[in-house]
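# Descriptive analysis of the structure
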Amino acid sequence: MSLALSAGALPANAATVSNPPATTHPTTASRTTTTDLGNAQAWLPDKTLRNWIEKNLQGQVAPTEAGAPTPTITDANLAQYLSQLTSLSDANIPITQPRASTTDLFQPGKITDWTGLDKFTNLTEFTVVEADRLNLTGLHQLSFSFAPQLAVLQLQYGGDTQAPDNSQRLWNRQLDLKIPAQTFIDQLLPNNPHLTTLELSGLGLTGSIPHLDHFPLISNVRLNANHLSGKITALPRLHEQPSDQSDQSPLLSVGQNDLSGYLPDLRSLNGTFAYDQNHLLTSLTNLPQHPNYNDNHSAGYDQSFDVGSLGDPSTTPAQPINLSALVQKFQWQVQDATTGQATPTRLKLITNIPPVILQMKGEHPDADHDADATAFFKLTQNAAGDTLATPTATTPAGAYWITGLPNDEPQAPYSANIIFHLTKTSPAVVPPLPTPTPKPQPEPQPELPQPTTPTTPNPTPTPKPSVKPQLSGNATNVTSPSLLHPLTNHLLDRPSKHSATQHPTQASTSRPATPHPTTNQILPQTGDHTPWLAILLGGGSLLGLVGWCRKLH
């Protein structure tokens, strides 16, 4: 449930300021000047803004004469009623696109251009509870310096208004302005001394708690569901309303942020201080309660503290977690809001109100949506009476939280949620040795055909005649074909296998043949009888010729 007060909860006189300085009142523009503006489409170009203003003005405009009907506000006559618009709010009149006919359904609209809004100088209230209908870039440029009588400014984003569970918290639904809160306030309200109520919730503002010194009448400040962070060194002084406006007791609410550390001395705080859902270590007592806040949503409930991972739930044997020690891990203090006295205190684990352990679904503990996880643990006590929680075989990894209350002041409006994590660790894996990277090999090139030189077949070589033995003197060569027997003549035509073998000392063929073989002459080998047969046959023929010649004589 949102801590921000709804627009309907604001008192009717919230915008009333007693005895305002006369110098701050703007002079109402004459009808002649406003009429000269002409059709609103020309000076108020955003049709969604124009439609929203006309619907708001329709409920505020008065008849021009007694008994006359209430005029219908249109683009054509809007300029005539500028001074009568004092309040712009989407609490009852949502921001929608203009309808072409009365039978058309309303369609959500979005304002992207604020041009022309500065013509409504008598504004005292500007409320948008669905700030997602405003362009973020336009919000960075919006300023109400034109409306010095502005008393109520509310910009709140609550996310999906159709969410099935109305208690869904603002911290899960934020715009993302990402601008320091002080910078944004100085831009929005540079000259608005009559401001009494300021709400900037769910916008994603950053930085520390802003100072509000330039708003002397400020009494209600709500900066919930932003990203305010850091330690609180001082709180703004709130204006106290007269006793007849007791329902407007001062309120400063900074819940659902990221503020941390201890609270400063709050003796000077003259109202209710709500700081739930932060990371603050101080609980408060004797703190006045705002009438629009109940005991369950004020002061410092649901502070959260994360202690990190407490091991692997699958470890055997499982290690017990001392829940009682977890809630005593931090050093808390309790402060009396009336005296400012702070004393150390301890927290005790809540075990008598189930569930003892919850599993966190979102980014923050949320008892409305987180599931009871007590059954995932075996609860026991040690000799000192501490509560131990031992994970079981079915305990899943995840984020869990438990709650502690101040031990000395159990009725103090404070609680702390301690978050712990169970993380499954993967077994160590020895990485394999790195495989050497092979050297890059050149890509194979296609084999090109090599040119071939045509060859001409060699003619059959003519065998050289073998060296024949010669007769001494001028005798006729015994190997002459004419002198050989016809049966041996053909044998001389066959080349000898020894004919080409020359002894190293053999004479050159150019020299005259030696009539007698020398000792170095290579003789025919045993296996070849052809030369000897030729010699014998030739010799026989010679002898026969000699004998024939003698007979003739």
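Attention here is on the structure that accompanies the text. Source: prediction; values computed, not measured. (Residues numbered from 1 in each chain as written. Predicted model: local features only at pLDDT ≥ 70, side-chain atom pairs only at ≥ 80, totals over all residues. Heavy atoms only, no water.)

### Brief notes about the overall build of the protein
When helices and strands are counted, the protein shows seven helices and 22 strands. Considering only residue pairs separated by 6 or more positions, the protein has 67% of its internal contacts joining residues 24 or more positions apart. (Helix = DSSP H or I, 4+ residues; strand = E, 2+ residues; numbered from the N terminus. Contact = heavy atoms within 4.5 Å.)

### What about the environment of L259?
Mapping L259 onto the fold places it in strand β8 (residues 258-261). For L259, a relative accessible area of 1% translates into the label buried. Sequence separation of L259 and D276 is 17 residues, and the distance between their C-alpha atoms is 10.0 Å. Ignoring any residue separated from it by four or fewer positions in sequence, one finds L259 in contact with I209, L228, S229, G230, I232, V254, N278, H279 and L280. (Buried < 20%, exposed > 50% of the residue type's maximum accessible area, 1.4 Å probe, protein only.)

### Things to note about the sheet that holds strand β14 (residues 332-336)
Taken in spatial order, the three strands of this open sheet run β11-β14-β15, and their pairing is mixed. Where the open sheet ends on each side, the last strands, each with one partner, are β11 (282-285) and β15 (342-345). Ignoring strand direction, the axes of neighbouring strands in this sheet form an average angle of 30°. Sheet analysis places β11 next to β14, joined by four bridges and oriented parallel. Considered in β14, the bridge of S283 is made with V334. (Pairing = 2+ DSSP bridges. Axes fitted to C-alpha atoms, helices over the stretch in contact; angles between N-to-C directions.)

### Let's talk about the sheet that holds strand β4 (residues 197-201)
In spatial order, the strands read β1-β2-β3-β4-β5-β7-β9; together these seven strands make up an open sheet with parallel pairing. Looking at the sheet topology across the chains shown, the edges are occupied by β1 (87-89) and β9 (272-274). Averaged over all pairs of adjacent strands, the angle between their axes in this sheet comes to 10°, without regard to strand direction. Looking at chain direction, strand β7 (residues 251-253) and β9 are connected through three bridges and run parallel. The residue bridging L251 from the neighbouring strand is T272, located in β9. On top of the sheet, helix α5 (residues 181-188) reaches β3 (152-156) and β4; it is set at about 130° to β4, its chief contact.

### Quick look at α5
In terms of burial, α5 is largely enclosed, as six of its eight residues are buried. Here α5 has its buried residues at A181, Q182, F184, I185, Q187 and L188. Packing partners of the buried residues in α5 comprise α4 (136-141), β3 and β4.

### Considering helix α3 (residues 47-58)
Helix length check: α3 (12 residues) gives 16 Å between terminal C-alpha atoms against 16 Å at 1.5 Å per residue, within 8%. α3 sits mainly inside the fold: nine of its 12 residues count as buried. All of the buried residues along α3 are T48, L49, R50, N51, W52, I53, E54, N56 and L57. Next to the buried residues of α3 lie α2 (40-43), β1 and β2 (125-128). Regarding α3, its N-cap is D46, as a side-chain oxygen of that residue lies 3.0 Å from the backbone nitrogen of T48 further along. (Expected span 1.5 Å × (residues − 1). Polar contact = N/O pair within 3.5 Å; in protein donor to acceptor, adjacent residues only side chain to side chain.)

### Digging into the pairing of β14
For β14, the tally of buried residues reaches five of five residues, placing the bulk of the element in the interior. Of the two faces of β14, both are covered, the one formed by W332, V334 and D336 as well as the one formed by Q333 and Q335. By the bridge criterion, four bridges tie β14 to β15 in an arrangement that is antiparallel. Paired with V334 across the two strands is T343, which belongs to β15. Counting the residues that bridge the hairpin from β14 to β15 gives five residues, and of these G340 lies at a positive phi of roughly 80°.

### Observations regarding unusual backbone geometry
Cis peptide bonds are those with omega within 30 degrees of zero, and the linkage from T316 to P317 qualifies with -5°. Mapped onto the elements, P317 comes out in the loop between β12 (300-309) and β13 (321-322). The residue K178 is not glycine, and still its phi comes out positive at about 55°. Mapped onto the secondary structure, K178 falls in the loop between β3 and α5. Judged by relative accessible area, which is 61%, K178 ranks as exposed. One non-glycine residue with positive phi stands out, namely Q256, at about 60°. Note that Q256 resides in the loop between β7 and β8.

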